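Coordinate analysis (summary)
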Amino acid sequence: MRVPNVISLKASEYQHNLTQDLTIARPSTGLALKGRIRVPGDKSISHRALMLGALAEGETTIEGLLLGEDPRSTAACFRSLGAEISELNSDRVHVRGIGLGQLLEPLNVLDAGNSGTTLRLMLGILASHPERFFTVTGDGSLRSRPMSRVVNPLRQMGAEIWGRKGGSLAPLAIRGQALQPIHYQSPIASAQVKSCIMLAGLMTEGQTTVTEPALSRDHSERMLRAFGAEVTVDPDTCSVTVTGPARLEGQSVIVPGDISSAAFWLVAGAIVPESDLTIENVGVNPTRTGVLDALKLMGADITQENCREVAGEPVADLRVRYAGSKTRAPLRACTIAGALIPRLIDEIPILTVAAAFAEGTTQIQDAEELRVKESDRIAVMASQLNQMGAQVSERLDGMEITGGHSLHGTEVDSHTDHRIAMSLAIAALNASDTTTIHRAEAVAVSYPDFVPTLTTLCS
Ligand code: S3P
C-alpha cells in the first residue's frame, strides 16, 4: 500500500534561483526497501562512449547511455565540434563520428556545465587538434575546480592554453597544436588526468605514457582498445601508454548501470531494517568496486549474482540485505584509506551516511581530492550530517564519523552537488521526522530518476 506524503518534490526559490526542495517524511510504520531495481547507465562510460564515438570514423551505437545532465553537456560540446549525435531521449543513442583530427572549430564557447569529466577529457582532445581555436567553460562549480592538473601536463606536451589564474581555472582558451609525446608521472590517482593525456596522445606521434600513484578507473583504456587504438597497460607500475597517431572506428557500446548510483541503494538496504533489495545490471569493474569492499568490511550483507561480461566491462546484480537486529547495529566502523580511495572516491558521501549508522568510529583518510569535487564534499557532508544529529569531524584529508547517534530530520542543502543531495536523502530514510533537502534538482546530473525510484521503493 502506498504511504502518502512520504516523499515530495516542490519548486522553490533559493537565492533568487528556481530550485527544488525534496521532502522526506519518515513513515510511522516500518519502512523496508524490497524488490528489484535498475540504476541509470554509468556516467564515466557514457562520457567516453560519446567522445570516442565522436572521434571515430563511422557510426557508434550506444545502448544504456545515462540520460543525465553531464552526458548531455558532453553531447552538446561534441555536436558543436562537428559530430552528429542523436537526441538524448532514448537510451539508445547514435553517433556519426567526424574522425580523429577532423574536429571543426566551434562558433561559440563550449559549455561543459557541471561536468569535470567533460571539460578535462575534452581539453586533451582540443589541445591536440592543430589550427583551431577553442574556448571552454562550465557552471559556477566547475569554474572553481582546478584545471592545472590537466593544463600543466598538456603544456609539457606543447599545448597552448590560457585561462584565469595562469590557466588553472575555466573559462579557458586553447589553440590546438601538434603535440609531443611525454611520460607523465601524475602526482594524483585521477582517471580524468590519465584520460586527458591519453586522449591527447591519440593525435600525437609516438608513445605517450601516464604513470599514477595508484590505479584509477580504467574505462578509457578498455574503450580506446575496443575502438582500435594501441594501448598498453603495466599494472605493476600503474602505467598506461598510447601510441599515436591512432585511428578509431565506430563501435557498438553497451553501458552498464552505474555502481556510483547503485551505492545509494546499497547503503539504504544496509541501514533500513528488514530491507532486501537487488540492483540489476551494475558495472563491477574492479577499479570501481571499492564501495563493495568498504561495505563488506563494515559487515554489510551484499552478494554479487549473475556475474557476466558485457561489451568489455564486468557486470553483476547486487543484492543487499539488512544485517542488523534489535541488539546489533547493522554496520560496524572501519578505516577507508590508501589505494582504496580512488576505487570509491565518488561513493565517500554515501559511505559517510553508512558510517553514521555503524557502531564505532570510522576514519576516512587520504581523500583530500574530495575538497575539489562538485562541492567540498568533506566540509559539506560533515556540516549537513551534523545538522541532522550525526557526529562527523572534518580532517584535512577526510573525516572521522562516530556512529550510533540517532539522526533527526531538519533542513539541509545539497550545495548543488548531486551526490550530496542523494546521500542526504538516504540518511533521511533513517532519520526521525521530516527532512527537507534544498537544491535537490542537482540529482539530474547523474540520476534523473532518483526521486521516482525512491518514491516507488517507499510505497
Ligand atoms: C571520473 C573520474 C573521477 C571521478 C569522476 C569521474 C572519470 O575523478 O571522481 O566523478 O569519469 O574519469 P578524478 O579523476 O578527478 O578522480
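Residues numbered from 1 in each chain as written. Predicted model: local features only at pLDDT ≥ 70, side-chain atom pairs only at ≥ 80, totals over all residues. Heavy atoms only, no water.

**Things to note about the pairing of strand β23 (residues 391-395)**
Looking along a regular strand, one sees the side chains alternate between the two faces of the sheet. Sheet topology note: the β23/strand β24 (residues 398-402) ladder contains five bridges and is antiparallel. The residue of β24 that forms the bridge with Glu-394 is Met-399. Taking the residues that link successive antiparallel strands as the turn, the β23-β24 hairpin has two residues. (Pairing = 2+ DSSP bridges. Helix = DSSP H or I, 4+ residues; strand = E, 2+ residues; numbered from the N terminus.)

**Concerning the domain arrangement of the protein chain**
Parsing the protein chain into structural domains produces domain 1 (2-41 + 256-458) and domain 2 (43-248). Look at where the C-alpha atoms of domain 1 and domain 2 centre, and you get two points 29 Å apart. Contact with domain 1, which involves 25 residues of that partner, is made by 25 residues of domain 2. Regarding the contact of domain 1 and domain 2, the summed buried area is about 2000 Å², with carbon and sulfur atoms giving 49% of it. The interface formed by domain 1 and domain 2 includes three salt bridges. (Domains from an automatic or database assignment. Contact = heavy atoms within 4.5 Å. Buried area = accessible area lost by both parts, 1.4 Å probe. Salt bridge = Lys/Arg side-chain N within 4 Å of Asp/Glu carboxyl O.)

**What to know about the pattern of salt bridges**
Any two side chains of opposite charge can pair if their charged atoms end up close together. Following the criterion strictly, the structure yields 28 salt bridges and no others. Between Glu-374 and Arg-145 there is a salt bridge, with the nearest N and O atoms lying 3.9 Å from each other. Placement of Glu-374 in the loop between β22 (361-364) and α11 (377-387) and of Arg-145 in the loop between β8 (133-137) and α4 (148-156) is noted, with a sequence separation of 229 residues between them. Residue classification places Glu-374 among the buried residues on the basis of a relative accessible area of 10%. (Buried < 20%, exposed > 50% of the residue type's maximum accessible area, 1.4 Å probe, protein only.)

**Points about the packing of helix α8 (residues 259-271) against helix α12 (residues 418-429)**
For the pair α8 and α12, interaxial distance at closest approach is 9 Å and the crossing angle is 15°. When the axes of α8 and α12 are compared, the pair comes out roughly parallel. Crossing of α8 over α12 shows right-handed handedness. Across the interface between the two elements, Ser-260, Phe-264, Trp-265, Val-267, Ala-268 and Ile-271 of α8 pack against Arg-419, Met-422, Ser-423, Ile-426 and Leu-429 of α12. Across the contact of α8 with α12, the residue classes break down as eight nonpolar, two polar and one charged. (Axes fitted to C-alpha atoms, helices over the stretch in contact; angles between N-to-C directions. Parallel < 35°, antiparallel > 145°, perpendicular 65-115°, else oblique. Left-handed = near helix turned anticlockwise from the far one by under 90°. Nonpolar A, V, L, I, M, F, W, Y, C, P; charged D, E, K, R; others polar.)

**What to know about the packing of α11 against α12**
If you want to describe how two helices pack, look at the angle between their axes and the distance between the axes. Two elements in contact, α11 and α12, have axes whose closest approach is 11 Å; the angle formed by their N-to-C orientations is 25°. The pairing of α11 with α12 is recorded here as roughly parallel in orientation. Of the two possible hands of crossing, α11 and α12 adopt the one that is right-handed. In this structure, α11 uses Arg-377, Val-380, Met-381, Gln-384 and Leu-385 to contact α12, whose residues at the interface are His-418, Arg-419, Ile-420, Ser-423, Leu-424 and Ala-427. For the contact of α11 with α12, a count of residues per class yields six nonpolar, three polar and two charged.

**A few points about the site of the ligand**
Around the ligand, the neighbouring residues are Ser-44, Arg-48, Thr-117, Ser-190, Ala-191, Gln-192, Arg-217, Ile-345, Asp-346 and Lys-373. Taking Arg-48, its side chain carries an N or O atom lying 2.6 Å from an oxygen atom of the ligand. Within the side chain of Asp-346, one N or O atom sits 2.6 Å away from an oxygen atom of the ligand. Coverage of the ligand by the protein amounts to 95% of the 390 Å² it exposes when considered alone. In this structure the site holding the ligand corresponds to the largest pocket. Counting residues per element, the ones that place at least two in the shell around the ligand are α1 (43-55) and α6 (191-202). Classifying every residue of the shell around the ligand by side-chain character gives two nonpolar, four polar and four charged. The residue makeup of the shell around the ligand includes at least three contributed by each of domain 1 (2-41 + 256-458) and domain 2 (43-248). (Near = heavy atom within 4 Å. Polar contact = N/O pair within 3.5 Å; in protein donor to acceptor, adjacent residues only side chain to side chain. Areas by Shrake-Rupley, 256 points an atom, 1.4 Å probe, with all protein chains shown as cover. 1 Å grid on protein atoms, 1.4 Å probe; cavity = no way out; pocket = protein on both sides within 12 Å on 5 of 7 lines; lining within 4 Å. Sits in = over half its atoms within 2 Å of the grid points.)

**Quick notes on the nonpolar core**
By size, the foremost hydrophobic cluster in this structure holds 83 residues, and its most contacted members are Trp-265, Leu-295, Leu-385, Ile-426, Leu-429 and Phe-450. At 10 residues, the largest contribution of residues to this core is made by α8. Contact partners of Leu-385, with chain neighbours within four places excluded, come to Thr-352, Val-353, Ala-390, Val-392, Leu-407, Leu-424 and Ala-427. Counting residues in each nonpolar core, the second largest holds 65 residues, with Ala-56, Ile-62, Leu-103 and Leu-179 among its members. (Core = buried A, V, L, I, M, F, W, Y, C linked by side-chain atoms within 4.5 Å.)

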